[in-house]
Amino acid sequence: MHPVTILIVAVAIFGVAIYAITDAITRRNAKFNVQGMPGPWMIPWVGRVHDLPINFMWLKFKDWADEYGPIYRTKMLGANFVIVSDEKMAEELLVKRAKVYSDRPVIRSLFDSKSTHGSMEYLPLMGRNEYWSRQRKFTHAYLTEASNAHYHGLMDFEVKRWLYNLLKEPDNFSFSLEDMASKVMCQLTWDDPSLSAYCTKSAWGLLTQMSPAGPITNVLTPLWHLPTFMNPWKIAERKRHDEQQEWWMTRLRETKQKMAEGKQRPCFTRQYLEAASIGRTSNISSEYEASSVIGMMALVGIFTVAGPLYYFLVCMVHHPQWLEKCQREIEQACGERMPTLNDSPNLPTLRACIKEAMRWKPNVPTGVAHEVEIDDMYNGMFIPKGTRILPLDFAFLRNPVKYPDPDSFRPERWLEAPWPTFQVPLTKFPNLKGMTSFGWGQRQCLGMSITQDEMLLAAGGLAWAFNLKRKIDPETGEEIEVPLDKSNSLLIVKPDPFEMAFEIRSERKRMEVVNQWKIAEAVDIKARADFLKQAEQADKRNVGIGDEVM
Ligand code: HEM
Ligand SMILES: *[C@@H]1O[C@H](CO)[C@@H](O)[C@H](O)[C@H]1NC(C)=O
Ligand SMILES: *[C@@H]1O[C@H](CO)[C@@H](O)[C@H](O)[C@H]1NC(C)=O
């Protein structure tokens, strides 16, 4: 090891030890611990980090739920955790008592993640404070308006581009899948799909930084407090953070510049700047805050949608009979054309396959923690202020009473009586909105509609155009398996890189995939050019008027 590394490790170990001892002494007091709740045996203070795997943590949490019950406590490096695996209990705590159960735990490896000191940067991570409140309202209003307008057609546009890319470069599907999700968000926020690659990278950086499986400082939290000169984690995060913020600000400044020239087409940033110019800021305090709330919106819509879309592919490869059912349904509902959002009522099988993919392979399997703001009692159990409540989505979705045969992919559970989750009318159900995967109470996900719509269009387009199959190894002639249980362990999960084949369903479909994209692309190019031309003409007229006045 490098001497500096040895020094850092030595100081770190010393620091952790001192911190642990002082903390253990001050916190032995009962009022700092969850009382009267079952849970695994724990080492004082350290709790249960030594054997809690950072990877696939939700599986261990689920094992403990099977052993200790639907609500149990554990401790990790001084922090109290209550793991909830029963939907009714999650409802009672996180919805009925939302007033005091809607804060967020601090994420150590970010600067001011809760925005306690007014950083105003990451809405989903903010404490329950004024910044969160106004940014949540803002985000909700903008996303709802876009949803109601069916995203001005840009989601259909990006799905067409994606299918074309799949035809052209099927082996690059994982890039193009994430890029599609990213382009949708970059179009909405800045009207600029060319920003997608950077935006995806930026989203990945933040996702890694905030996940327990990310930097070690999220687990060995005292390490974060090492002085900056010997703290590689802080130095790296400073760089990541500053670059991201600068990029968001640059987007806002560019939009402003283009607006001044009349060359900015509608997008969230323009909408904000226009409203702000007549004093309607939605209580957003500054352009810095605006650039962050909009930038965060772009980021949060990438891996959240990419995850279920990846798993839809995996599910269809493993269950080709369901893909066939979707294809037949699409033919009946849409004839030869690709499905649109208006076809949704006629596509219950497709919706069932999407929902079942999300149930079977949840992409936020641990759930997102809420923090309690007061000392509280629940069913005779004491939950101290500062406890983190983890609504364990993986456990909700494997409840054998609600989902019989929970470990199998069974889309029929959404389509047929007497499955407990069957619900009519099938023109509406199954739908994604309100799934436990989107979280709880005042913190519930703001992207439910956009997810539901994007999944329908993307999965519908896929099924319409392709058969989704295993690849054949050219050397052995055998199928290459698509693994079911290999993924990363970040807060938002996606499968590890895998290979598969996208087999176009017919020559006619091949032509249609190409043609519909070429037409959409030409229309888009022309619309953008026309907009610029108009701007230039308006500009000339303005100069003309100015001349006359003088
Ligand atoms: C399958 C896709 C998605 C899943 C599973 C998902 C899941 C979640 C979860 C679990 C939370 C935290 C809920 C809680 O604390 O109880 C959340 C919050 C949030 N989601 Fe999503 N999400 C998805 C897609 C999206 C999309 C596409 C967007 C936006 C374009 C979005 C925007 C947000 C925002 C802004 C929050 C923060 C809400 C707050 O803290 O007040 N989500 N989401
Ligand atoms: C996938 O496509 C992108 C964009 O065209 C490109 O940058 C990347 O190198 C490609 N990756 C592979 C593995 O072909
Ligand atoms: C701005 O804040 C004020 C005071 O808290 C509140 O009354 C008002 O409704 C807010 N406006 C918006 C658009 O959120």
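Residues numbered from 1 in each chain as written. Chains lettered and ligands numbered in written order. Predicted model: local features only at pLDDT ≥ 70, side-chain atom pairs only at ≥ 80, totals over all residues. Heavy atoms only, no water.

The name recorded for the protein in an unreviewed UniProt entry is Cytochrome P450, from Mytilinidion resinicola.

Asks: I'd like to hear about the overall build of the protein, residue by residue, with values.
Replies: Within the protein one finds 15 helices and eight strands. Against the 2.2 N^0.38 benchmark of 24 Å for 550 residues, the protein shows a C-alpha radius of gyration of 25 Å, consistent with a compact globule. Considered along the principal axes of its C-alpha atoms, the protein spans approximately 75 × 70 × 50 Å. Of the contacts made within the protein by residues no fewer than 6 positions apart, 71% connect residues no fewer than 24 positions apart. When the accessible surface of the protein is split by element, carbon and sulfur atoms take 57% of a total near 25,100 Å². Seen as two clouds, the 67 positive and the 66 negative side-chain charges of the protein have centres 4 Å apart. (Helix = DSSP H or I, 4+ residues; strand = E, 2+ residues; numbered from the N terminus. Rg over C-alpha atoms; globule rule 2.2 N^0.38 Å. Contact = heavy atoms within 4.5 Å. Areas by Shrake-Rupley, 256 points an atom, 1.4 Å probe, with all protein chains shown as cover. Lys, Arg positive; Asp, Glu negative; His and termini not counted. Charge placed at Lys NZ, Arg CZ, Asp CG, Glu CD.)

Asks: Break down the UniProt feature "binding site: heme" (unreviewed entry) in the protein for me, citing the residues and quoting the values.
Replies: In the numbering used here, UniProt assigns the "binding site: heme" (unreviewed entry) feature to C445. Within the fold, C445 resides in the loop between α13 (393-396) and α14 (448-465). (UniProt positions renumbered as here; feature names shortened; annotations may be inferred.)

Asks: Explain the pattern of salt bridges to me, using residue names and the numbers behind them.
Replies: Scanning all chains against the criterion turns up 41 salt bridges. Among the salt bridges present, the one from E243 reaches K239, with a minimum N-O distance of 3.4 Å. Separated by four residues within a single helix, E243 and K239 lie in helix α8 (residues 232-260), roughly one turn from each other. Assessed through its relative accessible area of 55%, K239 is described here as exposed. Several salt bridges share partner residues, and in doing so they unite D103, K114, E371 and R388 into one network. (Salt bridge = Lys/Arg side-chain N within 4 Å of Asp/Glu carboxyl O. Buried < 20%, exposed > 50% of the residue type's maximum accessible area, 1.4 Å probe, protein only.)

Asks: Tell me about unusual backbone geometry, and name the residues and values.
Replies: Put simply, A417 and P418 share a cis peptide bond, and its omega is 0°. Looking at where P418 falls in the secondary structure, it is placed in the loop between α13 and α14. V424 connects to P425 through a cis peptide bond whose omega is 0°. Looking at the secondary structure, you find P425 in the loop between α13 and α14. The phi torsion at N379 lies on the positive side, around 45°, for a residue other than glycine. Given a relative accessible area of 58%, N379 falls into the exposed group.

Asks: Break down the packing of α8 against helix α9 (residues 268-277) for me, with residues and values.
Replies: Contact geometry for α8 and α9: axes closest at 10 Å, N-to-C directions at 70°. Regarding the angle of α8 to α9, the classification is roughly perpendicular. Considering only the axes of α8 and α9, their crossing is right-handed. Contacts between α8 and α9 pair L252, T255, K256 and M259 from the former with T269, R270, L273 and E274 from the latter. Tallied by class, residues from the contact of α8 with α9 come to three nonpolar, two polar and three charged. (Axes fitted to C-alpha atoms, helices over the stretch in contact; angles between N-to-C directions. Parallel < 35°, antiparallel > 145°, perpendicular 65-115°, else oblique. Left-handed = near helix turned anticlockwise from the far one by under 90°. Nonpolar A, V, L, I, M, F, W, Y, C, P; charged D, E, K, R; others polar.)

Asks: Help me get a handle on the packing of α8 against helix α10 (residues 287-318), residues and values and all.
Replies: Taken N-terminus to C-terminus, the directions of α8 and α10 make an angle of 105°; their axes are 9 Å apart at the nearest point. Looking at the two axes, α8 sits roughly perpendicular to α10. Contacts from H241, Q244, Q245, W248, M249, L252 and K256 of α8 reach α10 at E287, Y288, A290, S291, S292, G295, M296 and L299. Looking at the contact of α8 with α10 residue by residue, the class counts come to seven nonpolar, six polar and two charged.

Asks: How would you explain the nonpolar core if you had to name every residue and give the values?
Replies: The biggest cluster of nonpolar side chains holds 125 residues, and the ones touching the most others in it are F61, L163, L462, F466 and L468. If you tally residues by element for this core, the top one is α10, at 20 residues. Not counting chain neighbours up to four residues away, the residues in contact with L163 comprise M338, G461, L462, W464, A465, F466, V513 and Q516. Among the nonpolar cores identified, the runner-up in size contains 17 residues, and A90, V372, I383 and F396 belong to it. (Core = buried A, V, L, I, M, F, W, Y, C linked by side-chain atoms within 4.5 Å.)

Asks: How would you explain the side chain of D393 if you had to name every residue and give the values?
Replies: Locating D393 in the fold gives a position in helix α13. Buried and unpaired, D393 has K402 as its nearest opposite-charge partner, separated by 8.8 Å. Within the structure, the side chain of D393 is placed 2.7 Å from the side chain of S437, a separation counted as a polar contact. (Polar contact = N/O pair within 3.5 Å; in protein donor to acceptor, adjacent residues only side chain to side chain.)

Asks: Help me get a handle on α14, residues and values and all.
Replies: Look at α14: 26 Å from first C-alpha to last across 18 residues, which is about the 26 Å you get at 1.5 Å a residue. A large share of α14 lies buried, amounting to 16 of its 18 residues. (Expected span 1.5 Å × (residues − 1).)

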